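Secondary and tertiary structure notes
Here's the letter readout for the chains.
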Amino acid sequence: MQRAVSVVARLGFRLQAFPPALCRPLSCAQTKILGSDRVKLMESLVVGDIAELGPNQGTLSLFTNEAGGILDDLIVTNTSEGHLYVVSNAGCWEKDLALMQDNVRELQNQGRDVGLEVLDNALLALQGPTAAQVLQAGVADDLRKLPFMTSAVMEVFGVSGCRVTRCGYTGEDGVEISVPVAGAVHLATALLKNPEVKLAGLAARDSLRLEAGLCLYGNDIDEHTTPVEGSLSWTLGKRRRAAMDFPGAKVIVPQLKGKVQRRRVGLMCEGAPMRAHSPILNMEGTKIGTVTSGCPSPSLKKNVAMGYVPCEYSRPGTMLLVEVRRKQQMAVVSKMPFVPTNYYTLK
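Please read all numbers here as calculations on a predicted model, not as lab measurements.

1. A few points about the UniProt feature "domain: GCVT N-terminal" (unreviewed entry) in the protein chain
Per the UniProt annotation, the sites labelled "domain: GCVT N-terminal" (unreviewed entry) are residues 29–237. Secondary structure over residues 29–237 splits into 24% helix and 30% strand, and the C-alpha atoms at its two ends are 24 Å apart.

Spelled out as structure tokens, the structure:
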């Protein structure tokens, strides 16, 4: 079964391409980090190994605090133009910008070469099995040479200066297009002329990211969640773990080797769909956790959810109860992603 996918635009649209494709409005903050000490700045804030990124290669990373909590999730790309391109959540924009600006000033006061520029670009996300085919009609670059989490600047359907990144928060193949505001409506209109592309609402995007086991900041991760608790240990760079030189490392790194009290898990059930804040119970009926995201899965025809439970209940196959509309129903801890991802690689 083909999964429907979407497109994201800071303007208000989000375009997804699949047979058929979807599109809807979304807000993201875009920033350039400049100067020869740009990597030093970013690595003072996030858990990832930014120094190891190749030209035009990006990675999902996390801003963390000294208690190990997640301040936001973001994508950092090492551009071939000599700056870092950062995309973070618009809902966290004020605190993210303040965090980066404060650290820029601190490094500048130390004589470091670093600066920050806020981009006034729109962001369109074209997602789905036919996304590359749809976009290829409007670009001269060969998209077969643009694998997952890499980017390139190109003209797109007549709009110059667009940064196309092979990524998206749906689990499907697709791209996010950073486009100058003046050309955003033109580009969105050009994409929507293709019958494969449809506008998508937030609910469509939410079901896709949930099927892919991807976190929504503020629901599934927050300032009181560590990367290990959130099952995001893979975002911690190996070199960074050894150096323990990122915010919260003294809390986070020991969790990698020891036990944490709770973990984010996937849940599946039939019957009424599980929703955020639904209590999770053990088989004896004692509350042990809470659902953070949940919805019916269009692809699986079952209900899927994520939530936090004590480690002893986190093994896949563990039977639990979830309280939905004041009634208890069976749920099983399940591996994520619930639906296999379809990211494009060159392998």
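So that's the structure; there's more coming.
2. As for the side chain of serine 178
In this fold, serine 178 is placed in strand β12 (residues 174–180). A residue is classified by how much of its surface remains accessible, and serine 178, at 3% relative accessible area, is buried. A distance of 3.0 Å separates polar atoms of two side chains, one belonging to serine 178 and the other to asparagine 121. Not counting the four nearest positions on each side in its chain, serine 178 is found in contact with Gln30, Tyr85, Asn121, Ala122, Leu123, Gly161, Cys162 and Arg163.

3. Considering the pattern of salt bridges
Tallied over the entire structure, the rule returns twelve salt bridges. The residue glutamate 81 makes a salt bridge to arginine 163 at a minimum N-O spacing of 2.4 Å. You can see glutamate 81 sitting in the loop between β6 (70–78) and β7 (84–89) and its partner arginine 163 sitting in strand β11 (residues 159–165), a full 82 residues away along the chain. In the salt-bridge network here, residues are joined through shared partners; they are Glu43, Asp49 and Arg239.

Conventions we followed
Residues numbered from 1 in each chain as written. Predicted model: local features only at pLDDT ≥ 70, side-chain atom pairs only at ≥ 80, totals over all residues. Heavy atoms only, no water. UniProt positions renumbered as here; feature names shortened; annotations may be inferred. Helix = DSSP H or I, 4+ residues; strand = E, 2+ residues; numbered from the N terminus. Buried < 20%, exposed > 50% of the residue type's maximum accessible area, 1.4 Å probe, protein only. Polar contact = N/O pair within 3.5 Å; in protein donor to acceptor, adjacent residues only side chain to side chain. Contact = heavy atoms within 4.5 Å. Salt bridge = Lys/Arg side-chain N within 4 Å of Asp/Glu carboxyl O.

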